[in-house]
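Secondary and tertiary structure notes
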Amino acid sequence: MSRFKRILVVLGTAVTVIALAVGTLFTWLWTDADVSTVGDAPFDNELAIPPLAPSRLDGDGTRVFDLRMRSGHTEFEPGRRTPTWGFNGSYLGPTLRAQRGEKVRVRIHNGLDEASSVHWHGMHLPARMDGGPHQPIAPGATWTPHWTVDQPAATLWYHPHPHGATERHVRRGLAGLFLLDDERSARLDLPQRYGVDDLPVIVQDVRFDGARLDGDRGLMQNVGFLGDRTMVNGTLRPYAEVGDELIRLRLLNASTSRTYSFGFPDDRAFSLIATDGGLLERPAALERVQLSPGERAEIVVPMRAGERVMLRSFPQDNYGSAWQRRFSGGDDSFDVLELRAALRLRPSAEVPQVLGVLETPDGSDAVRGRHFDLKRSGINGRPMDMGRVDETVTRGTTEVWTVRNGNGMPHNFHVHDVQFRVLEVNGRTPPPALRGPKDTVFLPHGTVMKLALRFTGPADPDTPYMYHCHLLYHEDEGMMGQFVVVEKGRTAGNGRAATGSGHAHDH
Ligand code: C2O
Ligand code: CU
Ligand code: CU
């Protein structure tokens, strides 16, 4: 063989070996990225129901709650102590509950070794009370926000929002529900016995590394951490015993990156009755409901006596290319919560055909439009800057925001302080699941949405609210912007002025 030929053979072999190695690695990555827990294990742990937070009424009728953020250990599996964080306990937090019109105050003590914050996701409140990155709570400090609840009955939630560290704080367990009631919702004949026929369902994906909760993002996972199993209310492989013909599930996707498509293996129809910000005008019969991180949905599920039925998350076909689907969790499936129906069920009233009254604007009185281009590197080409106010909105006005994702990966979009109406999805009327009040929407690659928002809170030119991708890894990386609400004709402050000291500032 000539020298030249020998070199060719060596090169050829090298290329083949490398190609095989790359191919094997890729096949492994591709296969490994597909996660399923369907049919895996017996669901034999009774579902924990987060306790209702105790509260008291102070002299002027304000409902006062106490939350303490702390670290601790949780036995998700018997005998295995996992280091976790929680509110008033070692993992997650109690369910706060208040009525429309009530004044509330929450005393939050930070018992962690590092600064955090507590944000009221979905709540309409003054910017200083919002609990975003401008209201940090120093270790050992107490922060006492207060406001008047002025929005319809809804399933809201609370979680930390420290700048650049939200993902870690939420994933370690700092999250809880904040339920709002109003006279209308109380009168409706819907399942509403908390923990009986009205179940909180906080869904998180986790991965264990020994006893420890793992948070590492996989090589190809550009959406952030994706776990290989799910928990509900901090319970692995949960079941709930139910004794009514209709069961209401208040679904919260409290995962930091993962999107779910919930339904049942027999494709039974359920009634979607509420979205993020409260009741729909009419129930919608659906077989699947998709929730990206931060989104909520309330569904009413028909049960048959004696059955066991699994709430499952199915693969999602609206996720974009095969590549995106595979590496962003779109191909994954999970058994989430087993419902075990009693042999005799209490009769439930039929789901009312008229539910809520939409208070979200329809866009007809919009005074201006804005555009938001979602990119992992930042919204509208700019990463988050605490000292920069990106948008200035006039108090009392309605706007139409056009949000676009052409970034090749899934994102979502959350706006603080408001519930908005989705006017259009890719130029079409939104599907039923997007017709109720929303504060967070899922935008897979190739989606354009038009949203109508009305800003009615008190003007505060110095304290911004946030809008951001609620895939918390993206948020922490800087996929977030700030807006202030000002009186007509006024300009924004510098956005820094109101940076909190972590001390109480109540009246
Ligand atoms: Cu649920 Cu800005 O957050
Ligand atoms: Cu929020
Ligand atoms: Cu994102």
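Residues numbered from 1 in each chain as written. Chains lettered and ligands numbered in written order. Predicted model: local features only at pLDDT ≥ 70, side-chain atom pairs only at ≥ 80, totals over all residues. Heavy atoms only, no water.

With that out of the way, let us pick up the overall build of the protein chain. Helices and strands together make up the secondary structure of the protein chain, namely five helices and 35 strands. The C-alpha extent of the protein chain, read off along each of the three principal axes, is 95 × 65 × 50 Å. Of the roughly 20,100 Å² of accessible surface on the protein chain, 51% is carried by carbon and sulfur atoms. Looking at charge distribution, the protein chain has the averaged site of its 58 positive side-chain charges lying 4 Å from that of its 62 negative ones. (Helix = DSSP H or I, 4+ residues; strand = E, 2+ residues; numbered from the N terminus. Areas by Shrake-Rupley, 256 points an atom, 1.4 Å probe, with all protein chains shown as cover. Lys, Arg positive; Asp, Glu negative; His and termini not counted. Charge placed at Lys NZ, Arg CZ, Asp CG, Glu CD.)

Moving on to the sheet that holds strand β17 (residues 238-244). Two strands in a sheet stick together by hydrogen bonds in their backbones, pointing the same way (parallel) or opposite ways (antiparallel). Judged by pairing direction, the sheet is mixed, and its six strands sit side by side in the order β1-β17-β25-β24-β19-β22 without closing on themselves. The sheet is open, and its two borders are formed by β1 (45-46) and β22 (288-291), each paired with just one other strand. The pairing of β1 with β17 spans two bridges and is parallel. Paired with N45 across the bridge in β17 is P238. (Pairing = 2+ DSSP bridges.)

Attention now moves to the coordination of the copper ion (ligand 2). Looking at the copper ion (ligand 2), one finds its protein donor set to be H119 (NE2) and H414 (NE2), positioned 1.9 Å from the metal centre. One end of the pair, H119, is in strand β7 (residues 119-121); the other, H414, is in strand β30 (residues 411-415), with 295 residues separating them in the sequence. (Donors = N, O, S within 2.8 Å, 3.2 Å for Na, K, Ca; no water.)

On to the pairing of strand β18 (residues 246-253). In terms of residue burial, β18 counts as a mostly covered element, since eight of its eight residues are buried. Of the two faces of β18, both are covered, the one formed by L246, R248, R250 and L252 as well as the one formed by I247, L249, L251 and N253. With six bridges connecting them, strand β12 (residues 198-206) and β18 associate as parallel partners. Counted as the bridge partner of I202 is L252 from β18. Pairing geometry for β18 and strand β23 (residues 296-302), over seven bridges, is antiparallel. Following the sheet pairing, L249 is matched in β23 by I299. (Buried < 20%, exposed > 50% of the residue type's maximum accessible area, 1.4 Å probe, protein only.)

Here we come to the confidence of the model for the protein chain. For the protein chain, the average pLDDT comes to 95, and 97% of its residues sit at 70 or higher. In the predicted structure, residues 497-507 sits below a pLDDT of 50 and forms 28 contacts with residues beyond four places in sequence or in another chain. (pLDDT = per-residue confidence, 0-100. Contact = heavy atoms within 4.5 Å.)

Examined at the domain level, the protein chain breaks down into domain 1 (1-33), domain 2 (45-180), domain 3 (198-346) and domain 4 (366-506). In this structure, domain 2 and domain 4 have C-alpha centres spaced 22 Å apart. Listed as interface residues are 34 residues of domain 2 and, on the opposing side, 34 residues of domain 4. Summed over both sides, the interface between domain 2 and domain 4 buries roughly 2,600 Å², with carbon and sulfur atoms accounting for 57% of that surface. Between domain 2 and domain 4 we count zero salt bridges in total. (Domains from an automatic or database assignment. Buried area = accessible area lost by both parts, 1.4 Å probe. Salt bridge = Lys/Arg side-chain N within 4 Å of Asp/Glu carboxyl O.)

A few words on the coordination of the copper ion (ligand 3). With distances of 2.0 to 2.2 Å, the protein atoms coordinating the copper ion (ligand 3) are H411 (ND1), C469 (SG) and H474 (ND1). Here the donor residues of the copper ion (ligand 3) are spaced in sequence according to H-x57-C-x4-H. When sorted by exposure, C469 lands in the same class as H474, which is buried.

Throughout the structure, instances matching the rule amount to 28 aromatic pairs. For the pair F372 and Y467, a centre-to-centre distance of 4.9 Å together with 70 degrees between the ring planes defines the contact as edge-to-face. Taken together, the residues F372 in strand β26 (residues 366-375) and Y467 in strand β34 (residues 465-468) connect sequence positions 95 residues apart. The pair formed by F372 and Y467 is uniform in burial state, with each residue classed as buried. (Phe/Tyr/Trp six-rings, centres within 6.5 Å; stacked < 30°, edge-to-face > 60°.)

Attention shifts here to unusual backbone geometry. Residues other than glycine seldom take positive phi values, yet N233 does so here, at roughly 50 degrees. Locating N233 in the fold gives a position in the loop between β15 (229-232) and β16 (235-236). Take N233: its relative accessible area is 7%, and that puts it in the buried class. Although it is not a glycine, N426 sits at a positive phi angle of roughly 45 degrees. As for its position among the elements, N426 is in the loop between β31 (421-425) and β32 (440-443). Assessed through its relative accessible area of 38%, N426 is described here as partly exposed.

Mapped onto the elements of the fold, E399 is located in strand β29 (residues 398-405). Look at E399 and you get buried, because its relative accessible area is 1%. A distance of 2.8 Å separates a polar atom in the side chain of E399 from a polar atom in the side chain of W401. The contact partners of E399, leaving out residues within four places of it in the chain, are A366, R368, R370, V393, L451, A452, L453 and F455. (Polar contact = N/O pair within 3.5 Å; in protein donor to acceptor, adjacent residues only side chain to side chain.)

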